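One letter stands for each residue in the lines below.
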Amino acid sequence: MAGIGIAALPIGIGVGILKYRLYEIDRIISRTLAYALVTGLLIGVYAGLVLLATHVLEVSSPVAVAASTLIAAALFNPLRRRVQQLVDRRFNRARYDAELTVTAFAARLMDAVDLDTVRDDLAGVVNHALEPTHVSVWSRQRD
């Protein structure tokens, strides 16, 4: 019976990985790092506020703990978003650079009127962002 339980664990893990697409390990690492940083920062803020309130300001202990808890809870979402952006910018560098490249291309495209210029610029952007072995752009010529 114990053998079935031990064998079911890796099978269950495998099903979970495939079902929820957990094989994107870089995403798991970036999320883990972000939440670890947020947890550490919030623990530091909470401990600092409790120490400040109880030892420096000499506020009664239950009130200080409650106020510190509320402040740390209020800081969670803004802090999590900011840390996640920083971690994503560091770990998902290719996606971040691709977004900047597409934005810059779209801005240049608004000023372009010559089809050959647009075609060459598009090929250059694709070559820079994706680094394929071959790039070609097909366009229909107007008669």
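Structure: see above.
Residues numbered from 1 in each chain as written. Predicted model: local features only at pLDDT ≥ 70, side-chain atom pairs only at ≥ 80, totals over all residues. Heavy atoms only, no water.

(A) Just the overall build of the protein, in detail. Within the protein one finds 5 helices and 0 strands. Element order for the protein, N to C, with α for helix and β for strand: α-α-α-α-α. Taking 2.2 N^0.38 as the reference for a compact globule, 143 residues should give roughly 15 Å; the C-alpha atoms of the protein span a radius of gyration of 26 Å, well beyond that estimate. With the C-alpha coordinates aligned to their principal axes, the bounding extent of the protein is approximately 85 × 55 × 20 Å. Scored against the burial criterion, the 143 residues of the protein give a buried share of 13%. Within the protein, contacts between residues separated by at least 24 positions form 51% of all contacts whose residues are at least 6 apart in sequence. Roughly 11,400 Å² of accessible area belongs to the protein as shown, and the carbon and sulfur atoms make up 66% of that amount. Charge centroids of the protein, computed over 15 positive and 13 negative side chains, lie 9 Å from each other. (Helix = DSSP H or I, 4+ residues; strand = E, 2+ residues; numbered from the N terminus. Rg over C-alpha atoms; globule rule 2.2 N^0.38 Å. Buried < 20%, exposed > 50% of the residue type's maximum accessible area, 1.4 Å probe, protein only. Contact = heavy atoms within 4.5 Å. Areas by Shrake-Rupley, 256 points an atom, 1.4 Å probe, with all protein chains shown as cover. Lys, Arg positive; Asp, Glu negative; His and termini not counted. Charge placed at Lys NZ, Arg CZ, Asp CG, Glu CD.)

(B) Layout of helix H3 (residues 61-91). In a regular helix each residue adds 1.5 Å, so 31 residues correspond to 45 Å; H3 covers 41 Å between its end C-alpha atoms and thus fits that length. Taken as a whole, H3 carries its principal kink of about 40° at Phe 76; the proline Pro 78 stands between one and four residues after it. If you check which residues of H3 are buried, you get Ala 64, Ser 68, Ala 72, Val 83, Gln 84, Val 87 and Asp 88. (Expected span 1.5 Å × (residues − 1). Bend = angle between axes of the 7 residues up to and from the residue.)

(C) Inspection of the environment of Leu 9 at higher detail. Turning to its location among the elements, Leu 9 is positioned in helix H1 (residues 2-19). The spacing of Leu 9 and Asp 120 is 111 residues in sequence and 54 Å in space, taken between C-alpha atoms.

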